[in-house]
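As a plain string of letters, each chain reads:
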Amino acid sequence: MTDHTDSKKPLRKALGGKERHSVFRRQHSFRVIIVLVWALLFGLPLALAQTAPDQRYSAARKEGVVVIYAATDESLARELIQDFMQLYPGVRVEYHDMSSGVLYTRFVAETDRGGVADVVWSSAMDLQVKLVNDGHAQAHRSPETAALPDWAVWKDEAFGTSFEPVVFVYNRRLLSEDEVPSSHAELLRLLARAPEPFRGRLTTYDPARSGVGYLLHSQDVLANPVVFWRLAEGFGRIGVQTMPATSDMLDHVASGKALIGYNMLGSYAMIRAASDPNLGVVLPRDYTLVMSRVAFIARQARHPNAARLWLDYLLSPRGQGLLSKNPGFYSVRTDVPADEAAEELRQRLGGAFRPIAIGAGLLTYLDQLKRRDFLRQWNDSVAPLP
């Protein structure tokens, strides 16, 4: 890595006092002009645009802490948390790791008492959009949010922080390569052709107990309703183990209690498969849903400056680079040099790349009647094992 500090020394020595101060004044004036132009281009209030990072950091230090409610395992966020606290001494991260369903219920319940969370970060995209739509978020604009693609920003309040494929997971010891389905249709044919080896040995999310599970299954319906409901009926005939957590499903597949896991978060699956030779991961070639973890700043945030500091850090090239070091996590930004894997994933999937856009469309299956009808049809199709 180039030492930029040393490279500036000859320039400083070459400039006399007046010339040096003149250069610094011009540099400062240039920065001010850039800030003003940026504010006009992005329609930001001037006061917000003038809030320099060091000013925000100073305000965040006075608050002292940022409280994050997250449906992202703390082990995956640990390096981010440590780097943030080293970068911004005096701003402590209080990280609460919970399931997406528990996060949603707890956050809503606490709003009546003034709220606790400053930042809410979850893989349940639809629940996050509902919270934003219901007025629980506050707007945030910065150079980091302006660098995101359009699909990753909604109302300047909800922000995609990653994209992650939705995959099949299988036991490599117990399934031969020619038995592994490479698409949803192939999985359907496999279960119809040879059901006995899979009886009671399939696993997927329980949509009634898992927010992200309900999201992925309902998005599956939108992608291919005929195949999804035929698969659900096949799961019911064979017997499927439905679970609320990815880790439990991975444990079952790795141990051989299940041969295939359906509609699982690729991020967790790829991290586990990297250290467990029993696990294999399939990106379905007919279509691969790609989801994003969505973050927003709570309207009732008690530490708003610290919340903005954290969100900008998470969306910055530095934060995105650290997050995308985890297998299965891909940067939403296109200017993160280390994340070439993101472009490779897009190219590999081609037309099968099916991103779930952040927006009002995610509210469709949260309608009470649609949710009731979906869960009723799911329960009529699937007979979970005790």
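Bear in mind that the values here come from a model prediction, so they are computed numbers and not experimental data.

Asker: Go over the overall build of the protein with me, naming the residues and quoting the values.
Answerer: The number of helices and strands found in the protein is 18 helices and 14 strands. The buried share among the 386 residues of the protein stands at 51%. For the protein, contacts bridging at least 24 residues in sequence account for 80% of all contacts bridging at least 6. Accessible surface computed for the protein: about 18,100 Å², of which carbon and sulfur atoms make up 53%.

Asker: Summarise the pattern of salt bridges; cite the residues concerned and give the values.
Answerer: Scanning the model with the defined rule gives 16 salt bridges in all. For glutamate 164, the salt bridge is made with arginine 293, and the minimal N-O distance between the two is 2.6 Å. One end of the pair, glutamate 164, is in strand β7 (residues 164–171); the other, arginine 293, is in the loop between β12 (288–291) and β13 (294–298), and 129 residues separate them in sequence. Between aspartate 373 and arginine 372 there is a salt bridge, with its nearest N and O atoms 3.4 Å apart. Taking relative accessible area as the criterion, arginine 372 reaches 43% and is therefore assigned partly exposed. Residues participating in the shared-partner salt-bridge network are Glu144, Arg333 and Asp335.

Asker: Summarise the nonpolar core; cite the residues concerned and give the values.
Answerer: Of all hydrophobic cores here, the largest spans 117 residues; its most connected members are Phe84, Trp121, Phe198, Phe235, Ile260, Trp310 and Phe374. Sorting elements by how many residues they give to this core places helix α15 (residues 304–315) first, with eight residues. Inspection of this core shows a minimum of three residues originating in each of domain 1 (58–163 + 292–354) and domain 2 (165–290 + 367–382). Residues within four places of phenylalanine 374 in sequence aside, it is in contact with Pro207, Tyr214, His217, Ser218, Val221, Phe228, Trp229 and Tyr365.

Asker: Please provide a residue-by-residue account of the packing of helix α7 (residues 100–111) against helix α8 (residues 125–133), values included.
Answerer: Where α7 meets α8, the axes come as close as 10 Å, and the angle between the chain directions of the two elements is 15 degrees. By the angle between their axes, α7 is roughly parallel relative to α8. As α7 runs across α8, the sense of the crossing is left-handed. Contacts from Ser100, Leu103, Tyr104, Phe107 and Val108 of α7 reach α8 at Leu127, Gln128, Lys130 and Leu131.

Asker: Residues and numbers for the pairing of strand β3 (residues 119–122), please.
Answerer: Residues Val119 and Trp121 of β3 are buried on one face, and the alternating residues Val120 and Ser122, pointing to the opposite face, are buried as well. For strand β1 (residues 65–70) and β3, the ladder comprises three bridges, and the chain directions are parallel. Looking across to β3, one finds that isoleucine 68 is bridged to valine 119. Pairing geometry for β3 and β13, over four bridges, is antiparallel. Residue pairing in the sheet places valine 119 in a bridge with isoleucine 297 of β13.

Asker: A description of the packing of aromatic side chains should follow, citing residues and the corresponding values.
Answerer: Working definition: an aromatic ring pair is given by the centre-to-centre distance plus the angle between the planes. The full count for this structure, using the stated rule, is 16 aromatic pairs. A ring pair is formed by tryptophan 229 and phenylalanine 374, whose centres lie 5.3 Å apart and whose planes are at 55 degrees; its orientation type is tilted. One end of the pair, tryptophan 229, is in helix α12 (residues 225–238); the other, phenylalanine 374, is in helix α18 (residues 368–381), with 145 residues separating them in the sequence. In this pair, the class of tryptophan 229 matches that of phenylalanine 374, namely buried. Taken together, the ring pairs connect Tyr214, Phe228, Trp229, Tyr365, Phe374 and Trp378 into an aromatic cluster.

Asker: Describe helix α11 (residues 211–223), and please don't skip the residues or the numbers.
Answerer: Taking 1.5 Å per residue, 13 residues should reach 18 Å; α11 reaches 18 Å between its end C-alpha atoms and fits that length. Buried residues dominate α11, accounting for eleven of its 13 residues. Buried within α11 we find Gly211, Val212, Gly213, Tyr214, Leu215, Leu216, His217, Ser218, Gln219, Asp220 and Val221.

Asker: Residue-level account of unusual backbone geometry, with values.
Answerer: Positive phi values are uncommon outside glycine, yet aspartate 156 reaches one of about 55 degrees. By the secondary structure assignment, aspartate 156 is in the loop between β5 (153–154) and β6 (158–160). Its relative accessible area of 26% is what places aspartate 156 among the partly exposed residues. In this structure, asparagine 263 is a non-glycine residue whose phi angle is positive, near 55 degrees. Here asparagine 263 lies in strand β10 (residues 260–265). The exposure class assigned to asparagine 263 is buried, which follows from its relative accessible area of 3%.

Asker: Which residues make up the layout of surface pockets, and what values go with them?
Answerer: By rolling a water-sized probe across the atoms, one finds the places where empty space is left. In this structure, the second largest pocket spans a volume of roughly 380 Å³. Taken together, 22 residues make up the lining of the second largest pocket; nearest its centre are Asp73, Ala245, Thr246, Ser247 and Tyr268. Sorting the residues of the lining of the second largest pocket by element identifies α6 (74–87), α13 (246–255) and α14 (266–275) as the ones contributing at least two each. When residues of the lining of the second largest pocket are assigned to domains, at least three map to each of domain 1 (58–163 + 292–354) and domain 2 (165–290 + 367–382).

About the criteria used
Residue indices follow the written sequence of each chain, beginning from 1 at its first position. With pLDDT at 70 or above as the cut-off, local features in this predicted model cover only qualifying residues; side-chain atom pairs require 80 or more to be listed or tallied, and sums for whole chains, interfaces and linings still use all residues. Heavy atoms throughout the structure, all of them, feed into the side-chain values; hydrogens and water do not. Helix and strand labels come from DSSP, where a helix needs a run of H or I of at least four residues and a strand needs a run of E of at least two; each type is numbered from the N terminus. Working definition: with a 1.4 Å probe on protein chains only, accessible area under 20% of the residue-type maximum means buried, over 50% means exposed, and in between means partly exposed. We call two residues in contact whenever any of their non-hydrogen atoms come within 4.5 Å of each other. Each accessible area is a Shrake-Rupley result for a 1.4 Å probe, and residues are judged covered by the shown protein chains and nothing else. Only one rule defines a salt bridge in this text: a Lys or Arg side-chain nitrogen within 4 Å of an Asp or Glu carboxyl oxygen. By nonpolar core is meant a set of buried Ala, Val, Leu, Ile, Met, Phe, Trp, Tyr and Cys residues that side-chain atoms within 4.5 Å join together. These domain limits were set by an automatic method or by a database of domain assignments. To get an axis, fit a line to the C-alpha atoms, keeping to the stretch in contact for a helix; angles then go from 0 to 180 degrees between the N-to-C directions. The scheme is simple: roughly parallel for angles under 35 degrees, roughly antiparallel for over 145, roughly perpendicular for 65 to 115, oblique for anything else. Take the far helix as your reference; a near helix turned counterclockwise from it by less than a right angle gives a left-handed crossing, and one turned clockwise gives a right-handed crossing. At least two bridges found by DSSP between two strands is the condition for calling them paired. Here is the rule: rings of Phe, Tyr and Trp (six-membered ring for Trp) pair when centre to centre is within 6.5 Å. Planes less than 30 degrees apart are stacked, more than 60 are edge-to-face, and the remainder are tilted. Expected helix span is computed as 1.5 Å times (number of residues minus one). A cavity, in this analysis, means grid points on a 1 Å lattice covering only the protein atoms where a 1.4 Å probe fits yet has no way out; a pocket is instead an open set bounded by protein on both sides within 12 Å along at least five of seven lines, and a residue lines either one if it has an atom within 4 Å of a point. Grid points are joined across faces, edges and corners, and a volume is the space filled by probe spheres set on the points.

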